[in-house]
Amino acid sequence: MQKDPTIAFNQVTHTYEGKYSKKFAISNLDFKIFSGEFVTIIGPSGCGKTTILNLIAGLLSPTNGDIYVDNVPPNNLLSKKSIGMVFQSPAILPWLNVFQNLLLPLQINPSNDNGSDNESLAGDILSIIQMEDYADFYPHQLSGGMKQRVGVGMSLIFDPKILLLDEPLGSLDEITRSYMRFDLINMLRNRNKTIVMVTHSIEDAVLMSDRIIILSKSPGTFSTEIKLDFSSKRTHDLEYQSEFLSYVNQVKKSLSIAYDFKFR
Ligand code: ADP
Ligand code: MG
């Protein structure tokens, strides 16, 4: 018998309503994500990806349908800090150094402020994100990839069971990005976390995740899914393997069916 899913969307619709207009962001969306999986939800800009993450985090409530995270509606989990988020542009403060930025989430939630324990925790996180030599550097002294490492470090500070990644490599140049994918995998995998990433990058989706959920065009709904099972390890070399290219083509085909792309 299959275990209960960690995240379940049952016929979820979300609309943004203004005074004069109503925008369907996602419509009748169904999917399940199980403990320990790394799932990528892929679709173009505007198809509802950030909305989906905000719904999982309990920051938005569905207009229709049900969402369960660990068998309860996600807004029940808000105070438990069991969900971490990584954004496209890391939410770091320019007047704090790397070490102080890592401690920031704990200071915003003083109930978790254990003083010296927190400093050793931030030290551990510095080592996970491989930034030990940059602890007292300020954001303007860091490269884009380093800033994103700090963003990842901040999301790990509460040791959340679920990590939500919103186009985490989107602000990086193509070359940094192609290496940072595997750094991220090394930072996040084998830590007993359930990871949901949203992106419009086919390469990120194929190289990083266990399963890809393909959304239809806006308003986003489930189109199809592809399980990724590589015979070799997830390293930078994977990009040159035929297996990688065949998965990329599979995703492209599914996306072109989902979006009915013509020449544009
Ligand atoms: P994505 O992350 O895939 O680019 P979003 O989830 O941000 O998509 O947005 C989905 C749709 O909902 C878009 O058409 C967007 O314009 C609209 N939308 C997003 N946030 C809001 C909001 N706060 N108010 C009104 N419309 C919104
Ligand atoms: Mg978005």
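Just above, that's the structure.
Predicted model only: the values in this text are computed from it and were never measured. (Residues numbered from 1 in each chain as written. Chains lettered and ligands numbered in written order. Predicted model: local features only at pLDDT ≥ 70, side-chain atom pairs only at ≥ 80, totals over all residues.)

**Remarks on the sheet that holds strand β4 (residues 64-69)**
(1) Moving on: Reading across from one edge, β2-β1-β4 is the order of the 3 strands in this open sheet, with antiparallel pairing throughout. Two strands bound the open sheet, and with one partner strand each, they are β2 (22-33) and β4. Strand-to-strand twist in this sheet, taken as the mean axis angle between neighbours without regard to direction, amounts to 30 degrees.
(2) Moving on: In this sheet, β2 lies alongside strand β1 (residues 7-17) in antiparallel orientation, the contact comprising 8 bridges. Of the residues in β2, the one forming a bridge with A8 is K32.
(3) Moving on: Sitting on the sheet, helix α1 (residues 49-56) is in contact with β1, β2 and β4, with an inclination near 120 degrees to β1. (Pairing = 2+ DSSP bridges. Helix = DSSP H or I, 4+ residues; strand = E, 2+ residues; numbered from the N terminus. Axes fitted to C-alpha atoms, helices over the stretch in contact; angles between N-to-C directions. Contact = placed C-beta atoms within 7 Å.)

**Concerning the pairing of strand β7 (residues 194-199)**
(1) Moving on: Counted residue by residue, β7 has 6 buried out of 6 residues, so it is predominantly covered.
(2) Moving on: The alternating pattern of β7 places T194, V196 and V198 and I195, M197 and T199 on opposite faces, both of which are buried.
(3) Moving on: Here strand β3 (residues 38-42) runs beside β7; their pairing, made up of 5 bridges, is parallel. In the sheet register, F38 faces β7, and the bridge partner there is I195.
(4) Moving on: Pairing between strand β6 (residues 162-166) and β7: 5 bridges, direction parallel. Counted as the bridge partner of D166 is V198 from β7.
(5) Moving on: Note that the unit made of β6, helix α5 (residues 174-188) and β7 has a crossover that is right-handed. (Buried ≥ 20, exposed ≤ 12 C-beta atoms within 10 Å, placed from the backbone. Right-handed = clockwise from strand over helix to strand, strands pointing away.)

**Focus on the packing of helix α4 (residues 144-156) against α5**
(1) Moving on: Two elements in contact, α4 and α5, have axes separated by 11 Å at closest approach and are oriented at 20 degrees. Put simply, α4 runs roughly parallel to α5. Considering only the axes of α4 and α5, their crossing is right-handed. Contacts from G144, G145, Q148 and V152 of α4 reach α5 at T176, M180, L184 and M187.
(2) Moving on: Residues that form the contact of α4 with α5 fall into these classes: 4 nonpolar, 4 polar and no charged. (Parallel < 35°, antiparallel > 145°, perpendicular 65-115°, else oblique. Left-handed = near helix turned anticlockwise from the far one by under 90°. Nonpolar A, V, L, I, M, F, W, Y, C, P; charged D, E, K, R; others polar.)

**Some thoughts on unusual backbone geometry**
(1) Moving on: Positioned with a positive phi, N28 is a non-glycine residue whose angle comes to about 45 degrees.
(2) Moving on: Mapping N28 onto the fold places it in strand β2.
(3) Moving on: On the neighbour-count criterion, N28 (16 C-beta atoms within 10 Å) is partly exposed.
(4) Moving on: Within the chain, N190 stands out as a residue other than glycine whose phi angle is a positive 60 degrees.
(5) Moving on: Within the element layout of this structure, N190 appears in the loop between α5 and β7.
(6) Moving on: Under the C-beta neighbour-count criterion, N190 is labelled exposed, with 9 such atoms within 10 Å.

**Thoughts on the pairing of β6**
(1) Moving on: When you tally the buried positions in β6, you get 4 out of 5 residues, the bulk of the element.
(2) Moving on: Here strand β5 (residues 83-86) runs beside β6; their pairing, made up of 4 bridges, is parallel. In the sheet register, V86 faces β6, and the bridge partner there is L165.

**Some words on the site of ligand 1**
(1) Moving on: Around ligand 1, the surrounding shell consists of Y16, K23, A25, S45, G46, C47, G48, K49, T50, T51 and S218.
(2) Moving on: Those elements giving two or more residues to the shell around ligand 1 turn out to be β2 and α1.
(3) Moving on: Per-element tally for the shell around ligand 1: the top contributor is α1, with 3 residues.
(4) Moving on: Counted by class, the shell around ligand 1 contains 3 nonpolar, 6 polar and 2 charged residues. (Near = placed C-beta within 6 Å.)

**Focus on α1**
(1) Moving on: Along α1, 6 of the 8 residues are buried, which leaves the element largely enclosed by surrounding structure.
(2) Moving on: Within α1, the full set of buried residues consists of K49, T51, I52, L53, L55 and I56.
(3) Moving on: Packed against the buried residues of α1 are β1, β2, β3, β4, β6 and β7.

In short, geometric facts, not functional conclusions.
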